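Single-letter residue listing:
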Amino acid sequence: MKTLTLPASASDDLSRAVLAATGLLERGEVVALPTETVYGLAADALNPDAVLKIFAAKERPFFDPLIVHLPAIDWLPRITEREPGVERLIERFWPGPLTLVLPKRESVPDLVTSGLPTVAVRMSANSVFRAVIERFGKPLAAPSANRFGRISPTAARHVSAELDGRIPLILDGGPTRFGLESTIISVRAERICVLRSGPITPEQLAEFGSVEFSQMAGKTPDAPGQLKSHYAPRTPLVFADVAGECSATPMSLLGFVPVTGKDYSRFVAIEWLSESGDLREAAATLFAKLRRLDESGAGMIVAEPVPEEGLGIAIMDRLRKAAHRDPCA
Ligand code: TXA
Ligand code: MG
């Protein structure tokens, strides 16, 4: 199968791209689409044969459930049960990078939720994604468009690097705005549990109830042995404080802000997340820079920590999951 990449920037391009995408989705195929977080690999969420193709293209294990994206809010009661406290969050953050885990209705195939009684739902704010899903008129299941365990794509060329030849179409909507996957929460009795940290920060959520972190969300560092490897470059990644213990050469640096007077000459490649220390810029460019360093030929990527506040919580979560278990192996 040859993968076609269509631009979706100018309005002529967009309507051609939307038609091509919806045609494929209606035939039960998968299509890669930009969202405001990362590129997703979309298929008709209510068609198990179509959803199966997502798992196949990504080599994703069936125990990992998918996020269902809604074309409009009126779809919510058709696929989830009511949960008190959810309306206010939706009103504030949808469409946008917040995913809610809610009790599912029978209409959602078990394949989508890996047999769980809950389903993860969100509404994307990306104009290309919205044009496609509004024309398609039904929910789309869409995980990040990378092979399982790898770095999420934030540009169309990243999708082709991951899935070329495995999917029929990629719509190119340019680099994604936030660059990190959506914040995932569950809500119970005004208690918000963050299952995955992301662009919507705990501070923003705190207005709507008490906020706690599930162990998986990465706010508190897990014991190294429990670290789930995910979002991983092929090159081992270690944090700057343990890099000194290893002698692997050559090394590259994923730095936050350059410090004047500091000697960086031992690094064969350097990417700064934000020369001005802006966490928004750091989040938006993190995955692209990680990919570039992965291709730089260095034997190890050394990552500097970023301040663990606001968006920095999600950035550190992704860096910890990308980190190599044994830096000196
Ligand atoms: O920003 C995003 O969320 C992107 C874009 C494409 O929408 N999607 C995304 O999907 O990151 P994915 O599949 O790469 O990550 C979804 C995560 C998975 O780790 C999955 O385990 C979790 O959501 N998830 C899905 N359904 C769940 C459920 N019912 N309960 C708990 N976690 C769930
Ligand atoms: Mg993913």
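Anything mentioned here points back to the structure above.
Residues numbered from 1 in each chain as written. Chains lettered and ligands numbered in written order. Predicted model: local features only at pLDDT ≥ 70, side-chain atom pairs only at ≥ 80, totals over all residues. Heavy atoms only, no water.

> Explain the layout of surface pockets here, please?
It is the rolling of a water-molecule-sized probe over the atoms that shows where space remains empty. Here the largest pocket is characterised by a volume of approximately 860 Å³. Lining the largest pocket we find 38 residues, and of these Arg 60, Asp 64, Pro 65, Ile 184 and Arg 196 sit closest to its centre. Counting residues per element, the ones that place at least two in the lining of the largest pocket are β4 (67-69), β6 (118-122) and β10 (191-196). The biggest single contributor to the lining of the largest pocket is β6, with four residues. Residue composition of the lining of the largest pocket, by class: 16 nonpolar, 12 polar and 10 charged. (1 Å grid on protein atoms, 1.4 Å probe; cavity = no way out; pocket = protein on both sides within 12 Å on 5 of 7 lines; lining within 4 Å. Points joined across faces, edges and corners; volume = space filled by probe spheres on them. Helix = DSSP H or I, 4+ residues; strand = E, 2+ residues; numbered from the N terminus. Nonpolar A, V, L, I, M, F, W, Y, C, P; charged D, E, K, R; others polar.)

> How should the site of ligand 1 be read in this particular structure?
For ligand 1, the set of nearby residues contains 23 residues, the closest of which are Thr 37, Asp 64, His 69, Ser 182 and Arg 196. Within the side chain of His 69, an N or O atom sits 2.7 Å from an oxygen atom of ligand 1. At 3.1 Å, a side-chain N or O of Arg 122 approaches an oxygen atom of ligand 1. Contact with the protein chains hides 87% of the accessible area of ligand 1, taken as 680 Å² for the molecule alone. Judged by its atoms lying within 2 Å of the grid points, ligand 1 is housed in the largest pocket. Within the residue set of the shell around ligand 1, elements represented by two or more residues are β4 and β6. (Near = heavy atom within 4 Å. Polar contact = N/O pair within 3.5 Å; in protein donor to acceptor, adjacent residues only side chain to side chain. Areas by Shrake-Rupley, 256 points an atom, 1.4 Å probe, with all protein chains shown as cover. Sits in = over half its atoms within 2 Å of the grid points.)

> Would you take a moment to explain the packing of helix α10 (residues 279-294) against helix α11 (residues 311-322) for this structure?
Packed helix pairs are specified by the crossing angle of their axes together with the interaxial distance, meaning the distance between the axes. For the pair α10 and α11, the least separation of the axes is 9 Å and the interaxial angle reads 25°. By the angle class used here, α10 and α11 are roughly parallel. The chirality of how α10 crosses α11 is left-handed. Together, Leu 279, Arg 280, Ala 282, Ala 283, Leu 286 and Phe 287 of α10 and Leu 311, Gly 312, Ile 315, Arg 318 and Leu 319 of α11 make up the contact between the two elements. In terms of residue class, the contact of α10 with α11 is built from eight nonpolar, one polar and two charged. (Axes fitted to C-alpha atoms, helices over the stretch in contact; angles between N-to-C directions. Parallel < 35°, antiparallel > 145°, perpendicular 65-115°, else oblique. Left-handed = near helix turned anticlockwise from the far one by under 90°. Contact = heavy atoms within 4.5 Å.)

> What exactly am I supposed to notice about the sheet that holds strand β12 (residues 237-239) here?
One key point about sheets: their strands pair by backbone hydrogen bonds, in either a parallel or an antiparallel sense. Sheet architecture is open: four strands sit in the order β12-β15-β13-β14, paired in parallel fashion. Because the sheet does not close on itself, it has two edges, and the strands there are β12 and β14 (267-272). Adjacent strand axes in the sheet meet at a mean angle of 25°, parallel and antiparallel pairs treated alike. Across five bridges, the pairing between strand β13 (residues 251-255) and β14 is parallel. Residue Met 251 lies in a different strand from β14, and its bridge partner there is Phe 267. Against the sheet, α11 contacts β12, β13 and β15 (300-303), and its axis sits at roughly 125° relative to β12. (Pairing = 2+ DSSP bridges.)

> What exactly am I supposed to notice about α10 here?
An α-helix turns once every 3.6 residues. As a result, residues three or four positions apart point the same way. When the terminal C-alpha atoms of α10 are compared, their 22 Å separation across 16 residues agrees well with the 22 Å that a helix rising 1.5 Å per residue should span. At Leu 286, α10 shows its maximal bend, which comes to roughly 50°. By the burial criterion, the buried members of α10 are Leu 279, Ala 282, Ala 283, Leu 286, Phe 287, Ala 288, Lys 289, Leu 290, Arg 291, Leu 293 and Asp 294. Where the residues of α10 are buried, they touch α7 (156-163), β12, β13, β14, β15 and α11. Two or three places before Arg 280, at the opening of α10, Asp 278 has a side-chain oxygen 3.0 Å from that residue's backbone nitrogen. (Expected span 1.5 Å × (residues − 1). Bend = angle between axes of the 7 residues up to and from the residue. Buried < 20%, exposed > 50% of the residue type's maximum accessible area, 1.4 Å probe, protein only.)

> For this particular structure, what's the right way to read the environment of Ala 298?
Tracing the backbone through its elements, the reader meets Ala 298 in the loop between α10 and β15. For Ala 298, a relative accessible area of 8% corresponds to the buried category. Between the C-alpha atom of Ala 298 and that of Ile 315, which follows or precedes it by 17 residues, the distance is 22 Å. Once residues lying within four places of it in the same chain are set aside, the contact partners of Ala 298 are Thr 235, Pro 250, Met 251, Ser 252 and Val 268.

> So what exactly am I meant to see when it comes to the pattern of salt bridges here?
Close approach of charged atoms lets side chains of opposite charge pair. As enumerated under the stated definition, the model contains 18 salt bridges in all. The closest approach of N and O atoms between Arg 166 and Glu 59, which form a salt bridge, is 2.8 Å. Of this pair, Arg 166 sits in the loop between α7 and β8 (169-172) while Glu 59 sits in the loop between α2 (48-58) and β4; the two residues are 107 residues apart in sequence, bridging distant segments of the chain. Asp 110 is paired through a salt bridge with Lys 104; the nearest N and O atoms lie 3.7 Å apart. (Salt bridge = Lys/Arg side-chain N within 4 Å of Asp/Glu carboxyl O.)

Remember that the coordinates give geometry; whether it matters functionally is a separate question.
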